[in-house]
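# Close look at the chain arrangement
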Amino acid sequence: MGKSALGLDIGSSSIKIAKLQRTGYSIRLKQYGVYPIPFGTLENGEIKDPQLIADQIRRVLNDLKIKTKGAVIAVAGQTVLVRHIKFPIMAKEELDSGIRFEAERYIPYPIEDACFAYEVINEDAGNNEMEVMIVAAQRQLIESHVQCLKLAGIQPLAVDVQPFALVRALGLTKTQHNKTMAVLDIGAGTSDLVIYRSGSPRFTRIIPIAGNRLTQAVANEFKKSLQEAEKLKIKLGNPLTEEASTDEARVSKAISPVLDELIVEVRRSLDYYRLQQRGDEVDQIVICGGGARLKGCETYFTRELGMRVTKGNPLNLLTIDPSDELFDTAPVLSVGIGLALREVE
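Residues numbered from 1 in each chain as written. Predicted model: local features only at pLDDT ≥ 70, side-chain atom pairs only at ≥ 80, totals over all residues. Heavy atoms only, no water.

Let's shift gears to the overall build of the chain. From N to C terminus, the chain includes eleven helices and 15 strands. For the chain, the spread of C-alpha atoms along the principal axes amounts to about 70 × 50 × 40 Å. Taken over 345 residues, the chain has a buried fraction of 52%. Across the chain, every contact between residues at least 6 apart in sequence was considered, and the portion connecting residues at least 24 apart equals 63%. With an accessible surface of roughly 16,700 Å², the chain has 48% of that area assigned to carbon and sulfur atoms. (Helix = DSSP H or I, 4+ residues; strand = E, 2+ residues; numbered from the N terminus. Buried < 20%, exposed > 50% of the residue type's maximum accessible area, 1.4 Å probe, protein only. Contact = heavy atoms within 4.5 Å. Areas by Shrake-Rupley, 256 points an atom, 1.4 Å probe, with all protein chains shown as cover.)

In structure tokens, the structure reads:
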């Protein structure tokens, strides 16, 4: 039968589910779904009403006829931190103590309120130095997600960090070992930028410009409800449209200033990273998330940023049944697929 796993991505506007199954060397996307949740259910990544989300998860699993005892989840938000620190080469016991001391310097909340883990990235014996990646998240944030799953009758198999799941889903760790890459996940409430080198995140930033801002701009232009504006954005949204009198042009006119704001913030982040990393240049940006579904989005970003921007495809690593709907939905499923891959790769 092979090994199967469920990735559960609880975002600010929807729940995304991806179930994968490995048979031999093949990994197949067996089931998937995207289901809306009420606005404001999450606040800076923390689930404010775990029972409400748990009830929705149960309904989703029932609709998809998925029977599972466990799932992999991810956390994201301002309180999730990834830092790289250099230490003298030392034994694990010494490093355990040193990590806690160093973590207190970087975590902007009491260390007692944090959950953190670390991994040695590389060692340089010649300089008696090793590079360690520390990942931390506020305990309350993690507990809100864990509680939600338990209320839904699901055992959390692992709590991942969203940037790691994205990189895994897009297969970038397997194909871009020596490059510095950026992933821009354009969600509903925020756009999350992750810059990584050699498959390891080096810089993360949460930008408060994303899909909801685009939808609001369309709603203002057409004097429509947010629900109607969302449909118009998905159907007609293309920042490259220039015809003056069409609805497509009106949508383009509405969303282009918001995209330009986002591009300015991305450019600032790239400049900051280059200064911090002594001139290390980002070779390419990969965009994903719901915002990546906009027609012409990657071409617009390429033109405005003056660098290569491509749309990430989390289906590249999977065996799938051909479906136009699935390919359209793929950018939204990136985190869910990456979470499930953690268990079946």
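The discussion continues.
Moving on, we get to the nonpolar core. Ranked by size, the top nonpolar core spans 37 residues in total, and within it Leu184, Ile285 and Phe301 carry the most contacts. For this core, the secondary-structure elements that each account for two or more residues are β11 (180-186), β12 (191-197), β13 (200-207), α6 (211-222), α7 (226-236), α8 (247-276), β14 (284-288) and α9 (297-305). The element contributing the most residues to this core is α8, with ten residues. Contact partners of Leu184, with chain neighbours within four places excluded, come to Ser191, Asp192, Leu193, Leu262, Val266, Ile285, Val286, Ile287, Cys288 and Phe301. Counting 22 residues, the second largest nonpolar core, distinct from the first, contains Ile47, Ala54, Val60 and Ala152. (Core = buried A, V, L, I, M, F, W, Y, C linked by side-chain atoms within 4.5 Å.)

Through backbone hydrogen bonds, the strands of a sheet pair up, either in parallel or in antiparallel fashion. Here we have five strands laid out as an open sheet, ordered β13-β12-β11-β14-β15, and mixed in their pairing. The sheet terminates laterally at β13 and β15 (309-311), the two strands that pair on one side only. Going across the sheet, the axis of each strand differs from the next one's by a mean of 20 degrees, ignoring polarity. As paired elements, β12 and β13 share seven bridges and run antiparallel to each other. Residue pairing for β13: Leu193 is matched across the bridge by Arg205. Across the sheet, α9 touches β11, β14 and β15, and the angle it forms with β15 is around 165 degrees. (Pairing = 2+ DSSP bridges. Axes fitted to C-alpha atoms, helices over the stretch in contact; angles between N-to-C directions.)

Right, let's get into α7. Within the sequence span of α7, burial applies to Ala229, Leu232, Lys233 and Leu236. Projected down its long axis, α7 carries its buried residues within an arc of 100 degrees, all on one side. Along α7, the residues that are exposed and aim more than 90 degrees away from the buried face are Gln227, Lys231 and Lys235. Residues of α7 that are buried in the fold lie against α6 and α8. (Arc of directions from axis to C-beta.)

A separate point is the side chain of Glu265. Of note, Glu265 is situated in helix α8. Take Glu265: its relative accessible area is 16%, and that puts it in the buried class. In this structure the side chain of Glu265 is engaged in a polar contact, spanning 2.7 Å, whose partner is the side chain of Arg205. Here Arg268 takes part through its side chain, which lies 2.8 Å from a polar atom of the side chain of Glu265. If we skip the residues at most four places from it in the chain, Glu265 touches Arg205, Ile207 and Ile209. (Polar contact = N/O pair within 3.5 Å; in protein donor to acceptor, adjacent residues only side chain to side chain.)

Mapped onto the elements of the fold, Ser252 is located in helix α8. Among all residues touching Ser252, those that are not within four sequence positions of it are Asn238, Pro239, Leu240 and Thr241.

The values reported here are purely geometric and, on their own, carry no functional implication.
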